[in-house]
Amino acid sequence: MKPGFGIGDSGLVEAERGDAEVEPVSGEVLAFANPESRIPNPVGDSVADYLRQHERKSLLRFITCGSVDDGKSTLIGRLLHDTKRLFDDQLAALSADSRRHGTRNGEIDFALLVDGLAAEREQGITIDVAYRFFDSARRKFIVADCPGHEQYTRNMATGASTADLAVVLVDARKGLLTQTRRHSYIVSLLGIRHVLLAVNKMDLVDFDRDVFERIAGEYRELAAQLGIEHVQAVPLSALEGDNLIERSPATPWYDGPSVLEYLETVDTARAEAELGLRLPVQWVNRPHQDFRGFAGTIAAGEVRPGDEIVALPSGRRSRVQRIVTADGDLYYARSGQAVTLTLEDELDISRGDVIAAAERPAEVADQFAAHLLWMDANALLPGRSYWLKIGARTVGASVTEIKHKIDVNSQAQLAAKHLELNEVAAVNLGLDQAIAFEAYRDNRELGSFILIDRQSNATVAAGTLDFALRRAGNLHWHPVDVDKAARARSKHQKPRCVWFTGLSGSGKSTIANLVDKQLHALGHHTFVLDGDNVRHGLNKDLGFTDEDRVENIRRVAEVAKLMTDAGLIVLVSFISPFRAERRLARDLFEDGEFVEVFVDTPLQEAERRDVKGLYAKARAGRIPNFTGIDSPYEVPEAPELRLPTLEHDAQALAQRVIDYLR
Ligand SMILES: Nc1ncnc2c1ncn2[C@@H]1O[C@H](COP(=O)(O)OS(=O)(=O)O)[C@@H](OP(=O)(O)O)[C@H]1O
Ligand SMILES: Nc1ncnc2c1ncn2[C@@H]1O[C@H](COP(=O)(O)OP(=O)(O)O)[C@@H](O)[C@H]1O
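The protein chain goes by Multifunctional fusion protein in an unreviewed UniProt entry, where it is assigned to Lysobacter firmicutimachus. In the Subunit (unreviewed entry) part of its UniProt record, the protein chain is described as follows: "Heterodimer composed of CysD, the smaller subunit, and CysN."

> Explain the overall build of the protein chain to me, please; I cannot follow it from the model alone.
Of regular secondary structure, the protein chain possesses 18 helices and 28 strands. The proportion of buried residues among the 662 residues of the protein chain is 44%. Pairs at least 24 residues apart make up 74% of the contacts formed inside the protein chain by residues separated by at least 6 positions.

> How should the site of ligand 1 be read in this particular structure?
Lining the immediate surroundings of ligand 1 are 21 residues, of which Ser504, Gly531, Phe544, Phe574 and Ile575 lie closest. In terms of residue count, helix H14 (residues 546–565) provides more of the shell around ligand 1 than any other element does, three residues in total. For the shell around ligand 1, a count of residues per class yields eight nonpolar, nine polar and four charged.

> Even after reading the chapter, I still don't get helix H12 (residues 508–521), so can you show me in this structure?
Along its 14 residues, H12 runs 20 Å from first to last C-alpha, staying within 8% of the 20 Å computed at 1.5 Å per residue. Those residues of H12 that fall on the buried side of the exposure criterion are Lys508, Ser509, Thr510, Ile511, Ala512, Leu514, Val515 and Leu519. The elements touched by buried residues of H12 are strand E24 (496–501), strand E25 (526–530), strand E26 (569–573), strand E27 (594–600), strand E28 (641–644) and helix H18 (650–661). A positive phi of about 90° marks glycine 523, the residue just after H12.

> Honestly, the environment of threonine 251 in this entry has me stumped. Any pointers?
Along the chain, threonine 251 turns up in the loop between strand E6 (230–235) and helix H10 (259–265). In sequence terms threonine 251 and leucine 236 are 15 residues apart; their C-alpha atoms lie 9.1 Å from each other. Filtering out sequence-adjacent residues up to four positions away, threonine 251 remains in contact with Phe207, Pro235, Asp242 and Asn243.

> Please explain the packing of helix H8 (residues 178–189) against helix H9 (residues 209–226) as it appears in this structure.
To characterise two packed helices, one gives the angle between the axes of the helices and the distance between these axes. The geometry of H8 relative to H9 is characterised by a closest axis approach of 10 Å and an angle of 35° between their N-to-C directions. For H8 against H9, the interelement crossing comes out right-handed. On the side of H8, the interface is formed by Arg181, Ser184, Tyr185 and Ser188, while H9 contributes Leu222, Ala223 and Leu226. Considering only residue class, the contact of H8 with H9 consists of four nonpolar, two polar and one charged.

> Explain the site of ligand 2 to me, please; I cannot follow it from the model alone.
Taken together, 17 residues are adjacent to ligand 2, and Gly507, Lys508, Ser509, Thr510 and Thr645 come closest. Broken down by secondary-structure element, the contributors of at least two residues to the shell around ligand 2 are H12 and H18. Of the residues forming the shell around ligand 2, the biggest block, four residues, is contributed by H12. Here the residues of the shell around ligand 2 sort into four nonpolar, ten polar and three charged.

> How do you make sense of the nonpolar core when you look at a structure like this?
Where a protein is soluble and globular, its nonpolar side chains tend to be buried together. Ranked by internal contacts, the top residues of the largest apolar core, which has 157 residues, are Ala166, Ala198, Val199, Val498 and Val572. With nine residues, the single largest contributor to this core is strand E21 (residues 424–437). Ignoring sequence-local partners within four residues, the contact set of alanine 198 consists of Leu75, Val167, Val168, Leu169, Val234, Leu236 and Val259.

> Explanation requested: the sheet that holds E26 in the structure shown.
Across a sheet, strands are paired by hydrogen bonds formed along the backbone, either parallel or antiparallel in direction. Taken in spatial order, the five strands make up an open sheet running E25-E26-E24-E27-E28, and their pairing is parallel. The open sheet is flanked by E25 and E28, the only strands paired with a single partner. Averaged over all pairs of adjacent strands, the angle between their axes in this sheet comes to 20°, without regard to strand direction. In the packing of helix H15 (residues 579–587) onto the sheet, the strands contacted are E24 and E27, and the crossing angle to E27 comes to about 150°. Across the sheet, H18 is in contact with E24, E27 and E28; its angle to E28 comes to roughly 165°.

> Can you help me understand the packing of H14 against H15 in this one?
Where H14 contacts H15, the two axes come as close as 9 Å, and the packing angle between them is 15°. Considering the angle they form, H14 stands roughly parallel to H15. Crossing angle aside, the handedness with which H14 passes H15 is right-handed. The segment H14 lies against H15, with Val550, Ile553, Arg554 and Ala557 engaging Glu581, Leu584 and Ala585.

> Sorry, what's going on with H15 here?
The α-helix advances 3.6 residues per turn, and as a result positions three or four apart in sequence lie on the same side. Inspection of H15 places Ala580, Glu581, Arg582, Leu584 and Ala585 among the buried residues, and these make up the whole buried set. On its buried face, H15 sits against strand E18 (385–390), E24, H14 and E27.

> What exactly am I supposed to notice about the environment of glutamine 179 here?
Tracing the chain through its elements places glutamine 179 in helix H8. The partly exposed category is assigned to glutamine 179, around which 18 C-beta atoms lie within 10 Å. Along the sequence, glutamine 179 and glycine 66 sit 113 residues apart, while their C-alpha atoms lie 7.6 Å from each other.

> Please explain the environment of leucine 176 as it appears in this structure.
Relative to the helices and strands, leucine 176 resides in the loop between strand E4 (165–171) and H8. Taking the C-alpha atoms as reference points, leucine 176 and glutamate 218, separated by 42 residues in sequence, lie 7.7 Å from one another. Setting aside residues no more than four positions away along its own chain, leucine 176 makes contact with Val170, Arg181, Ile215, Glu218, Tyr219 and Leu222.

> Looking at this model, I keep getting lost on the pairing of strand E5 (residues 194–200). Mind explaining?
Where burial is concerned, most of E5 is hidden: seven out of the seven residues are buried. Side chains His194, Leu196, Ala198 and Asn200 of E5 all project onto a buried face; the interleaved residues Val195, Leu197 and Val199 project onto the opposite face, where all are buried too. Strand direction decides the pairing type here: E4 and E5, joined by seven bridges, are parallel. Paired with leucine 169 across the two strands is alanine 198, which belongs to E5. Note on the crossover from E4 through H8 to E5: the handedness is right-handed. Inspection of the sheet shows E5 paired to E6 by six bridges, in the parallel sense. Paired with valine 199 across the strands is proline 235, a residue of E6. Handedness of the crossover joining E5 and E6 through H9: right-handed.

> Got a minute to help me understand the confidence of the model for the protein chain in this structure?
Considering every residue of the protein chain, the mean pLDDT works out to 82; 80% of them sit at 70 or more. Every residue in residues 1–45 is under pLDDT 50, and counting partners more than four places away or in other chains gives 87 contacts. Note that pLDDT drops below 50 for residues 86–91; the model gives that stretch three contacts with residues more than four away or on any other chain. Two numbers describe this predicted complex: its pTM, 0.70, and its ipTM, 0.97.

> Teacher, can you tell me more about unusual backbone geometry here?
A cis amide bond links leucine 312 with the next residue in sequence, proline 313, at an omega value of 10°. Non-glycine residue aspartate 206 carries a positive phi angle of around 55°. According to the C-beta neighbour criterion, aspartate 206 is exposed, with 10 such atoms within 10 Å.

Basis of the calculations
Along each chain, residue indices are assigned from 1 in the same order as the chain's sequence is written. The order in which chains are written sets their letters, starting at A; the order in which ligands are written sets their numbers, starting at 1. Owing to the predicted nature of the model, reporting of local features is limited to residues with pLDDT of at least 70; listing and counting of side-chain atom pairs is limited to 80 or more, with chain, interface and lining totals taken over all residues. UniProt positions are given in the numbering used here, feature names are shortened, and annotations may be inferred rather than shown by experiment. Helical segments are the DSSP runs of H or I of at least four residues, strand segments are the runs of E of at least two, and each set is numbered from the N terminus. With C-beta atoms placed from the backbone, a residue counts as buried when 20 or more other C-beta atoms lie within 10 Å of its own, as exposed when 12 or fewer do, and as partly exposed for counts between those limits. By definition, residue pairs are in contact when their C-beta atoms, positioned from the backbone, come within 7 Å. Nearness is defined per residue: the C-beta atom, placed using the backbone, must lie within 6 Å of the molecule or strand. Side-chain classes follow a simple rule in which Ala, Val, Leu, Ile, Met, Phe, Trp, Tyr, Cys and Pro form the nonpolar group, Asp, Glu, Lys and Arg form the charged group, and the remainder, Gly included, forms the polar group. The span you would expect from a helix comes to 1.5 Å times its residue count less one. What counts as an axis is a line fitted to C-alpha atoms, over the stretch in contact for a helix, and the angles between N-to-C directions run from 0 to 180 degrees. If you view the pair so one helix is near and one far, a crossing is left-handed when the near helix is turned anticlockwise from the far one by less than a right angle, and right-handed when it is turned clockwise. Here, a nonpolar core means buried Ala, Val, Leu, Ile, Met, Phe, Trp, Tyr and Cys residues linked by C-beta atoms lying within 7 Å of one another. DSSP calls a pair of strands paired once it identifies at least 2 bridges connecting them. By definition in this entry, angles of less than 35 degrees are roughly parallel, angles greater than 145 are roughly antiparallel, angles of 65 to 115 are roughly perpendicular, and the rest are oblique. Here is how to tell: hold the view so the strands point away, follow the path from the first strand over the helix to the second, and if it runs clockwise the crossover is right-handed. Residue-level confidence of the predictor, termed pLDDT, takes values from 0 up to 100.

Shown next as structure tokens:
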């Protein structure tokens, strides 16, 4: 089990400690990364108190997959009820509701209970997962209940990311459905190795043993394909309660456990990978000059005072001085415990670093093979930069390649240039900084990540790291003696990237060309990178789909960066229609080096000019994906300069750029 549950690592505590690091993270992300901190509380006391009372019992986290029709709500409702975890007032409300809905004999409709609880979800959680607690004599449980509507994949991934076991429901009359395969695939993707296959509604097939055996057999085959190691099939009637809490006389041929018996006794402890200490630093605790502690929940391994550690990714070493907790110092702590470590030496360790055993450190890398589940309505575009959050670390990252997407129904591998909502793919990832990590199969905390949109802060993907493609240590910046500053000095100029963006025909090339001529006349060293020209060479493999435009701009930005490193003033003239890529370009440069110039010409005017006759063709349907017609242009929000071409001529506007650069 995991002590420190939701308290030590809540955002609140960090804020109180004055952690200055700005987190580009929405509440939604927190809900995903650390669902415990936001669990709606069914028992009235605080979650922490509740769990503390039951600390001696082990904890099982599980997820239920299947639709309401399969009996999911009834199953959960009954488990909650029959283990007596329902509050009396909830029960009273429930019977009233049930009577109102006219259930047979005024019995309680458990589906109503679950739906009712779902409505109580905390504000701010947009991911539809309700976490519920119940306990039995032997164990306590957290069940992540994910409603099965159209965003089910995303909901499931959220619930499954911390689960030890999945209850997969099937309707005995229907057997395995596409949905069963899909859910089971996601279960396996997220590293859950135990499935309880609940063959429900057995009462409707007269508790027929053959029906049960056939479904159980088919599922075992599927599980074997997916690498799900442990399957327990239970013939069930959630409605009647057969084999739910106790074994049912209706299935004398079944000698396995009831659902609750299995949940109470199953051992899901993984043979933990033999990892040394891994402590992702959640925050640096520095109440006064003499104390500097590194707090977090131990993700793997164990620690004792005196142990030699290494801080990652920096690689600096020290020894553990104390293991501090709210209840006093410890001589020993291990995986799952929330602790604060103090070290013998003053190391520069910050939030997101990982403290690891020196003799068995984690790997550090910046390129990975990974699997990801895309959860956003806007497609994933390779090359676009997102935030990647892993443990307490947030870094810039992009998908450098979609190797293939995976049809979760058939496991077929399909070629893909982008990913749509709910699609799963094998990808390569590139990070802008190296991180300490573990492969997901070895450690879930240090091997799973989410991607966050940089503009909206929405969680757009959940993923798992498979292995490092390039160890950060194997690639070095080649040190050069003549650096950028030296090159700039010899050219008597400050290197710049002047980035012209605007519609086709807005006047980018015309103005950039005038600026270039004038700077050149003044003795400056300049170069113009123009969309039309670069697309004839370096980028001749790219067209005008969204994904190609992303790659087009990524490459040009990198080239412009090299040119400023060479000390030049680079004038870039590309439509560059997307904010995300203009921002990616900006982020490559030093402060003040990147000058975004919005050549502001209304579509109507650009179309009127139609310098190359392209608008006419686009309107006639002969050029697909034409910017402004059937492909978007995202107007810059805060460019350094805006040039209104309707109000001033090209020469005057070019002069504005020159003035700005001065
Ligand atoms: N479908 C479509 N949409 C927009 N533009 C098109 C298209 N097809 C060809 N062209 C011509 O390509 C030039 C734009 O290339 P860019 O590399 O600047 O475009 S982008 O930044 O990748 O969006 C653009 O040049 P400019 O008019 O100088 O902007 C067009 O001449
Ligand atoms: N104020 C202005 N600034 C820039 N170009 C203008 C202006 N007024 C008219 N134009 C004309 O608009 C056209 C812009 O074409 P171009 O520079 O090739 O645009 P882009 O590079 O953005 O596609 C040119 O024919 C230019 O002479």
